[in-house]
Amino acid sequence: SAVISQKPSRDICQRGTSLTIQCQVDSQVTMMFWYRQQPGQSLTLIATANQGSEATYESGFVIDKFPISRPNLTFSTLTVSNMSPEDSSIYLCSVVGRETQYFGPGTRLLVL
Amino acid sequence: GNSVTQMEGPVTLSEEAFLTINCTYTATGYPSLFWYVQYPGEGLQLLLKATKADDKGSNKGFEATYRKETTSFHLEKGSVQVSDSAVYFCALVPSYNTDKLIFGTGTRLQVFP
């Protein structure tokens, strides 16, 4: 199994600002994913981040709004840019393991 | 397209009660099916899974059977405990893509002593 940590665990931000979320894995992994869980909604995949290449975004998500970095095989960041209250969500990173995906504890974001 | 539908919560039960959380899916081909659990303050954890029709996944007293004829994967437990209080997510991975999980909305379970 993989152990995943995220920073920050939660934050309250003002609209128009940006927040960068960090995801650290205790082992080297090829694929990392970023999900969003809006209040009362299911988890939605934002993008797939592979080391050494640009992230692949799902429909409805764009790089200008959610830039992603993947500098090595154990770390990734997701930035939520120019935030609005609609961005208030839990953001989770995950990695593919042997039998399933493993998830971080999530970053709870509230935008005022 | 591919989607997962779960019963809405919260589900409130007394300890030792029988639990059923309904999950149905829409998918092309033969997806793999999962139940994930999220305990308060923790990340998502895989609870159980089934990869083909009629498979039964089980773990920690929970069970779910992959029913292709009814496109369902209902989660059951014979006797719940207070420690089972959590949010439960049904999910699938399409047969054509082994990595992209598609989640249901989650069902919050509250068990009281």
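Residues numbered from 1 in each chain as written. Chains lettered and ligands numbered in written order. Predicted model: local features only at pLDDT ≥ 70, side-chain atom pairs only at ≥ 80, totals over all residues. Heavy atoms only, no water.

Chemist: Sorry, what's going on with the state of the cysteines here?
Modeler: Note: disulfide means a covalent bond formed between the sulfur atoms of two cysteine side chains. For the coordinates displayed, the defined rule picks out two disulfides over all chains. With its sulfur 2.0 Å from that of its partner, A:C23 forms a disulfide with A:C93. For the disulfide bridge between A:C23 and A:C93, the dihedral angle about the S-S bond is near 75°, and by the sign convention the bridge is right-handed. Of this pair, A:C23 sits in strand β3 (residues 19-25) while A:C93 sits in strand β9 (residues 89-96), and the two are 70 residues apart along the sequence. Note on A:C93: relative accessible area 0%, which makes it buried. Two residues share a disulfide in this structure: B:C23 and B:C90, whose sulfurs sit 1.9 Å from each other. Judged by the sign of its S-S torsion, about -70°, the bond between B:C23 and B:C90 is left-handed. Of the two residues, B:C23 is situated in strand β4 (residues 23-26) and B:C90 in strand β10 (residues 86-93); the sequence distance between them amounts to 67 residues. (Disulfide = S-S within 2.5 Å. Helix = DSSP H or I, 4+ residues; strand = E, 2+ residues; numbered from the N terminus. Buried < 20%, exposed > 50% of the residue type's maximum accessible area, 1.4 Å probe, protein only.)

Chemist: It is not clear to me how the layout of surface pockets should be interpreted in this structure. Could you clarify?
Modeler: By rolling a water-sized probe across the atoms, one finds the places where empty space is left. Quantified by volume, the largest pocket comes out at close to 750 Å³. Looking at the lining of the largest pocket, the elements with two or more residues in it are β9 and β11 (107-111) of chain A together with β10 and β12 (107-112) of chain B. When grouped by side-chain class, the residues that make up the lining of the largest pocket number twelve nonpolar, 17 polar and five charged. (1 Å grid on protein atoms, 1.4 Å probe; cavity = no way out; pocket = protein on both sides within 12 Å on 5 of 7 lines; lining within 4 Å. Points joined across faces, edges and corners; volume = space filled by probe spheres on them. Nonpolar A, V, L, I, M, F, W, Y, C, P; charged D, E, K, R; others polar.)

Chemist: I would appreciate a short explanation of the sheet that holds strand β3 (residues 19-21) of chain B in the present structure.
Modeler: In sheet architecture, strand pairing relies on hydrogen bonds along the backbone and comes in two forms, parallel and antiparallel. All names here are of chain B. Taken in spatial order, the four strands line up as β3-β9-β8-β7 in an open sheet, and their pairing is antiparallel. Every interior strand has two partners, whereas the edge strands, β3 and β7 (56-59), have only one. Shown here is a sheet whose adjacent strand axes are inclined to one another by a mean of 15°, direction ignored. In this sheet, strand β9 (residues 75-77) lies alongside β3 in antiparallel orientation, the contact comprising three bridges. Counted as the bridge partner of I21 is L75 from β9. (Pairing = 2+ DSSP bridges. Axes fitted to C-alpha atoms, helices over the stretch in contact; angles between N-to-C directions.)

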